[in-house]
Structures are given as C-alpha cells and as structure tokens.
Amino acid sequence: MKNPADGNFAEAQKARTALGRYGRPEEVAVAVAFLASPAATYITGTTLTVDGGYNAWFETSRHRGGAGPAPPRASAQLVTSKSMPSKV
C-alpha cells in the first residue's frame, strides 16, 4: 500500500485539511486510548472523527457550492466491552 503523503494528490489533500498536514499515528492512538479508557465510559453510539479538520473543510465548502461528493474515506471502529450489549 502506498503512503498517501507520497501520492499525486498529496498537496491537494493537505490543502483541504484545516491543519494543513497529514495526521501522525500517535494522534490517532491518543483518540483510541481515550475511547478505551475509563474516562470514556459514558460515550456510546457516536463517531469520533480524527481527521485534522478535513470533514469540517469539506462540509463548509459543500455548503458554499465548492466541493463535489465526499471522497471515499477509510473508517475504523473500536469495539470494546463497553460498546457491546450486556447479556441478560
């Protein structure tokens, strides 16, 4: 698999991200660690987007009529015992 940062659209992709750069693995790891921690015990049924503001840029641009359909995105879901239904 090729690193997107080295691809033909790397600069355009970074320009569409509010932070202007690709995320680092440790930035995603912090979000995963938080969701797996006791601090997140009351969080259920939601999506935590860790994208450097890409989604915010796209939504803002789309409402101004500037962007087309959303680009394909990779998605990861963390399933923990907290998110699984309890057996009765």
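Because the structure is predicted, anything quoted here is derived from the model rather than measured.

Draft legend 1. Fine view of the confidence of the model for the protein chain. Confidence in the prediction for the protein chain averages 75 pLDDT; 64% of positions are at 70 or higher. For the protein chain, the element scoring lowest by mean pLDDT is helix α3 (residues 54–63), at 68; helix α2 (residues 25–36) scores highest, at 94. This model gives residues 74–78 a pLDDT under 50, and the stretch forms four contacts once residues within four places in sequence are excluded.

Draft legend 2. Fine view of the environment of D51. With respect to the helices and strands, the residue D51 is situated in the loop between α2 and α3. Placed 24 residues apart in sequence, D51 and E27 show a C-alpha to C-alpha distance of 9.7 Å. A distance of 3.0 Å separates the side chain of D51 from the backbone nitrogen of G53, its partner in a polar contact.

Parameters at a glance
- Residues numbered from 1 in each chain as written.
- Predicted model: local features only at pLDDT ≥ 70, side-chain atom pairs only at ≥ 80, totals over all residues.
- Heavy atoms only, no water.
- pLDDT = per-residue confidence, 0-100.
- Helix = DSSP H or I, 4+ residues; strand = E, 2+ residues; numbered from the N terminus.
- Contact = heavy atoms within 4.5 Å.
- Polar contact = N/O pair within 3.5 Å; in protein donor to acceptor, adjacent residues only side chain to side chain.

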